[in-house]
Amino acid sequence: MFKILKKSFKTGIVTGQYPPAPSGQKFSVAPTAQKKAELFRRSLTIREVDTGSCNACEMEMNALANPVYDIERLGIHIAASPRHADALVVTGPVTVNMEGPLKDVFKTTPNPKLVIALGDCAINCGIFKGSYAVTGPVDQHIPVDVRIPGCPPRPAEIIEALTELRKGETTFTRWFRKISGEP
Amino acid sequence: MEPVFHPVEHLESIFGPAINRVSTDHGIPVLHVNTNQILPITRYIHGNEKLRGTLSLLWAVDRRPRDLRYELWYLFTLCEHKDWLIVSTDLLGDERLYESITPKIHAANWYEREIRDMFGLIAQGHPDLRRLVRHNHWPKGVHPLHKNFPWNSVLQWRQPPGSVDGHFIHGEGVFEVPVGPIHAGIIEPGHFRFTVAGEPIMHLDLQHFWKHRGVEKLFEEQTLSDGVVLADRISGDTTFGHSLTYCQAVESLMDIHVPRRARYLRSLFLELERLHNHIGDVGGICNDTAYALAHAHCSRLKERVMQLNDHLTGSRFLRGVNCVGGVGIDPPAVQLSDTVTELERIEKDFSELEQIIAVNASLIDRFENTGILKKQTAWDHGVVGVVGRASGIDRDLRRDRPFAAYDELSVRVAGSINGDVRARVQVRMAEIHESIRLIGEIQRTLPDGPLKGSRQVVPDPGAWALSAVEGWRGEIVYFLMAGEHEGIHRCKVRDPSFVNWPAIQLAVIGNIIPDFPLINKSFSLSYAGNDL
């Protein structure tokens, strides 16, 4: 017990000890997606679906939950079932075998929902484009709201994109601005 | 003094006329035999006390358009000297049938099913010829690796007909528990079907290949020097291992001499990859027993190693580091010494954590005697890598068939005989320390010189090469055959996961379902590398 406590004290807080996402490429999230994400400003529950990625994107998604990135501090949770999810994060080109399960998952996710295509493969099939076993990028099968490019995107970049998604005015702030008479 | 034993001469003396021709390519003997002689010869190689060959790879090649024939290749690793031996046979013209070796050599099971799906060649006498890669909804007669099957054909997903194709056990009180393809955690898709009576698992049926992306076919559209980009993306966690194996195969085809500095750097990066994956796995295994503390510490340490990778190469996964002929990145000496200092700190940190893990009684209780893979079972199925070493299979390519700079480095191979989850954790922990030691040694002895060798020859169409690397998971094997105009005629990729997945079905029997995630994580297999 003493050893465990000593270790924890020695380690201290590591959250946030990561290099910032390379600047220059700013993530632009469509205003329509921001509008849809209004409901999930403070709490966003994500279900991750792998439809044929090389598993690097999965490793980066897993890294988001580690003490260094700790996305729970931003109100983002990972759900175990699509029925509990607000957003689906889809990685990989959609393979011919995963097309059915992906559509099933989309159907079982309650509305309103967001779909985030993570990584180059999910956005445009990447290097696997055209293969007989790949039936197209994610948006060919289900509507995609947010695209996070990269092969794979760094965790810091994913965090930046998710923060960007939940920025901007909400109905409440608009209303508040109106009644307080601010311009 | 005892006379030197020559496996090929020995086989020739026994099988004589059955062996048509013996050739040697890149130092690997190839026995060309008649199709009807495959079973007796392979069985002899597998069972003979002096040879004790394990099937390391089994693959087919469609030789069209040049020749109207299929070739079947069986690669054996002989236990005594870790030598390779290939048995090869031709299926001429319209011949589609050959004799299955699975009833005698269990390791051939998935290979023969894969060949049936990809080439339409049928192994007669195979006990279980269900579809493997092609799921039930694929149209009949589609064999993607046929030379006349266009790589960009369009296959539409259709509702699978009727019930699931599986092995079922019926009886009172026997239940089936289907899991997947989409799982609860952030992991890859795969379908597991457990049959249980009460708590213990009676049978596990795996259905994989959900992520089949047609990698081997895509390779055939690449040139030899461009294929490395695809090899980088076969299995993200083994990015460097796969690209290294691919590059070595091309280098052997083009007769490229890789400079010493590049070989040392390759070993360094391979150890870094082993390190971040093993640390992550130790944490993941602890997490599957709900020991979140160890998981948090391990994922923190893993993140540090991945940031080191990023700092050294600009990629957290070491992508784009390898190139044909050498490596594309030359980290300055200061960065390397900083890396070693940081790794020493990480090792100290990890050792403290090990002490905490080692005295946790509830953790050890879950680890011990869980998911035992016996040595004989592991040997029968040709299990490789960490899982094999934990079950008493003393094989490590870094020592047995040195590649990169391992001929000049001495690797201490970890091992255990217990074959349970604890043994696999212990082997991983030992390898973490060994990797850090090796990286230190490489940094101290890193020679100067060029980073890239130039090529000597243009490979003839039909020339082939085999390459093997001990990745963090186990042996990665590539077979590469050159095509016209420096293209690729055939590239067979084998991730260690492909061999180890069938073994997990045997390791779980008698365990309870709540222990399955733990056993699965202790095997830590790739779905992407398996499905291709």
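Being a predicted model, the structure only gives us computed values, none of them experimental.

### Looking at the interface of chain B and chain A
- Of the residues lining the interface, 63 residues belong to chain B; the matching set on chain A comes to 53 residues.
- Approximately 4500 Å² of surface area, both sides summed, lies buried where chain B meets chain A, with 62% of it carried by carbon and sulfur atoms.
- Taken together, the connections running from chain B to chain A amount to six salt bridges.
- Along the contact surface separating chain B from chain A lie 29 residue pairs in polar contact (both at pLDDT 80 or more).
- It is helix 8 (residues 292-313) of chain B that provides the largest number of residues to the side of chain B that touches chain A, a total of ten residues.
- Among the residues forming the side of chain B that touches chain A, the class breakdown is 29 nonpolar, 19 polar and 15 charged.

### Topic: the environment of Phe192(B)
- For Phe192(B), the position within the fold is in strand 9 (residues 191-197).
- With 14 residues separating them in the primary sequence, Phe192(B) and Pro178(B) have C-alpha atoms 5.9 Å apart.

### Thoughts on the domain arrangement of chain B
All names here are of chain B.
- Split by domain assignment, chain B resolves into domain 1 (7-124) and domain 2 (215-497).
- Relative placement of domain 1 and domain 2: their C-alpha centres are 28 Å apart.
- With 32 residues of domain 1 at the interface, the matching set in domain 2 holds 26 residues.
- Of the roughly 2500 Å² buried between domain 1 and domain 2, counting both surfaces, carbon and sulfur atoms make up 61%.

### Some points on the pairing of strand 3 (residues 53-62) of chain B
All names here are of chain B.
- Of all ten residues making up strand 3, ten are buried, and the element is well covered by its neighbours.
- As defined by bridge partners, strand 3 adjoins strand 4 (residues 69-78) across nine bridges and the pair is classed as antiparallel. Residue pairing in the sheet places Gly 53 in a bridge with Leu 78 of strand 4.
- Two successive antiparallel strands, strand 3 and strand 4, enclose a turn made up of six residues.

### Focus: the sheet that holds strand 5 (residues 146-148) of chain A
Residues and elements named next belong to chain A.
- The strand order across the open sheet formed by five strands is 2-1-3-4-5, and the pairing between neighbours is parallel. Looking at which strands have only one partner, the edges of the open sheet turn out to be strand 2 (76-78) and strand 5. Ignoring which end each strand starts from, the neighbouring axes of this sheet average 30 degrees apart.
- Relative to strand 5, strand 4 (residues 114-118) runs parallel, the two being bridged by three bridges. Across the sheet, residue Leu 118 finds its bridge partner in strand 5, namely Ile 148.
- Packing against the sheet, helix 6 (residues 155-165) makes contact with strand 1 (44-50), strand 2, strand 4 and strand 5, and its axis sits at approximately 155 degrees to strand 4.

### Points about the confidence of the model for chain B
- Chain-level pLDDT for chain B is 89 on average; 97% of the residues reach the 70-or-more range.
- Per-element mean pLDDT across chain B ranges from 83 in helix 1 (residues 7-15) of chain B up to 94 in helix 7 (residues 260-287) of chain B.

### Focus: the nonpolar core
Residues and elements named next belong to chain B.
- Formed by 140 residues in total, the largest nonpolar core has its most connected members in Leu 55, Tyr 74 and Leu 466.
- Per element, the largest residue contribution to this core is twelve residues, and it comes from helix 7.
- For this core, the two domains that each supply at least three residues are domain 1 (7-124) and domain 2 (215-497).
- Apart from residues lying up to four places away in sequence, Tyr 74 is in contact with Ile 38, Thr 42, Leu 55, Leu 57, Leu 58, Leu 85, Ile 86, Val 87, Tyr 98 and Ile 101.

### Section: the environment of Glu441(B)
Residues and elements named next belong to chain B.
- Of note, Glu 441 is situated in helix 14 (residues 421-445).
- Taking C-alpha positions, Glu 441 is 12 Å from Glu 344, a pair spaced 97 residues apart along the chain.
- Once you skip the residues sitting within four places of it in the chain, Glu 441 turns out to touch Leu 409 and Ser 410.

### A few points about empty space enclosed by the protein
All names here are of chain A.
- Going through the model one piece at a time under the given rule, you end up with eight cavities of 30 Å³ or more.
- What the second largest cavity holds in volume is close to 90 Å³.
- Around the second largest cavity, the lining comprises 14 residues; the ones closest to its centre are Ser 53, Cys 54, Cys 57, Cys 121 and Cys 151.
- Looking at the lining of the second largest cavity residue by residue, the class counts come to seven nonpolar, four polar and three charged.

### Structural notes on the packing of aromatic side chains
All names here are of chain B.
- Under the criterion given, the structure shown has 23 aromatic pairs over all chains.
- Aromatic side chains Phe 192 and Trp 501 sit 6.0 Å apart centroid to centroid with 45 degrees between the ring planes, which places their arrangement in the tilted category. Of this pair, Phe 192 sits in strand 9 while Trp 501 sits in helix 15 (residues 496-507), placing them 309 residues apart in sequence.
- Positioned over the ring face of Trp 379 is Arg 52, at 4.6 Å from the centre of the ring.
- In this arrangement the basic side chain of Lys 492 is found over the ring face of Phe 498, its NZ or CZ atom lying 5.6 Å from the centre.

### With respect to the pattern of salt bridges
- Counted under the stated rule, the structure contains 57 salt bridges over all chains.
- In this structure, Asp139(A) engages Arg147(A) in a salt bridge whose closest nitrogen and oxygen atoms are separated by 3.0 Å.
- What makes Arg147(A) partly exposed here is its relative accessible area of 38%.
- The closest approach of N and O atoms between Glu475(B) and Arg395(B), which form a salt bridge, is 3.0 Å. Placement of Glu475(B) in strand 14 (residues 475-482) and of Arg395(B) in the loop between helix 12 (385-390) and helix 13 (397-400) is noted, with a sequence separation of 80 residues between them. Comparing Glu475(B) with Arg395(B), the two get one shared label, buried.
- One connected set of salt bridges, linked through shared partners, spans Lys7(A), Lys10(A), Arg300(B), Arg304(B), Glu342(B), Arg345(B), Lys348(B), Asp349(B) and Glu352(B).

### Details of the sheet that holds strand 5 (residues 84-92) of chain B
All names here are of chain B.
- If you walk across this open sheet you meet the five strands as 1-2-5-4-3, and the pairing is mixed. The open sheet is flanked by strand 1 (19-25) and strand 3, the only strands paired with a single partner. Sheet twist, expressed as the mean angle between neighbouring strand axes with direction ignored, is 20 degrees.
- As paired elements, strand 1 and strand 2 (residues 28-33) share six bridges and run antiparallel to each other. By the bridge assignment, Asp 25 is partnered in strand 2 with Ile 28.
- Against the sheet, helix 1 touches strand 1, strand 2, strand 4 and strand 5, its axis set at about 175 degrees to strand 1.
- Against the sheet, helix 3 (residues 109-119) makes contact with strand 3 and strand 4, and its axis sits at roughly 5 degrees relative to strand 3, the strand it touches most.

Rules used throughout
- Residues numbered from 1 in each chain as written.
- Chains lettered and ligands numbered in written order.
- Predicted model: local features only at pLDDT ≥ 70, side-chain atom pairs only at ≥ 80, totals over all residues.
- Heavy atoms only, no water.
- Contact = heavy atoms within 4.5 Å.
- Buried area = accessible area lost by both parts, 1.4 Å probe.
- Salt bridge = Lys/Arg side-chain N within 4 Å of Asp/Glu carboxyl O.
- Polar contact = N/O pair within 3.5 Å; in protein donor to acceptor, adjacent residues only side chain to side chain.
- Helix = DSSP H or I, 4+ residues; strand = E, 2+ residues; numbered from the N terminus.
- Nonpolar A, V, L, I, M, F, W, Y, C, P; charged D, E, K, R; others polar.
- Domains from an automatic or database assignment.
- Buried < 20%, exposed > 50% of the residue type's maximum accessible area, 1.4 Å probe, protein only.
- Pairing = 2+ DSSP bridges.
- Axes fitted to C-alpha atoms, helices over the stretch in contact; angles between N-to-C directions.
- pLDDT = per-residue confidence, 0-100.
- Core = buried A, V, L, I, M, F, W, Y, C linked by side-chain atoms within 4.5 Å.
- 1 Å grid on protein atoms, 1.4 Å probe; cavity = no way out; pocket = protein on both sides within 12 Å on 5 of 7 lines; lining within 4 Å.
- Points joined across faces, edges and corners; volume = space filled by probe spheres on them.
- Phe/Tyr/Trp six-rings, centres within 6.5 Å; stacked < 30°, edge-to-face > 60°.
- Lys NZ or Arg CZ within 6 Å of the ring centre and 35° of its normal.

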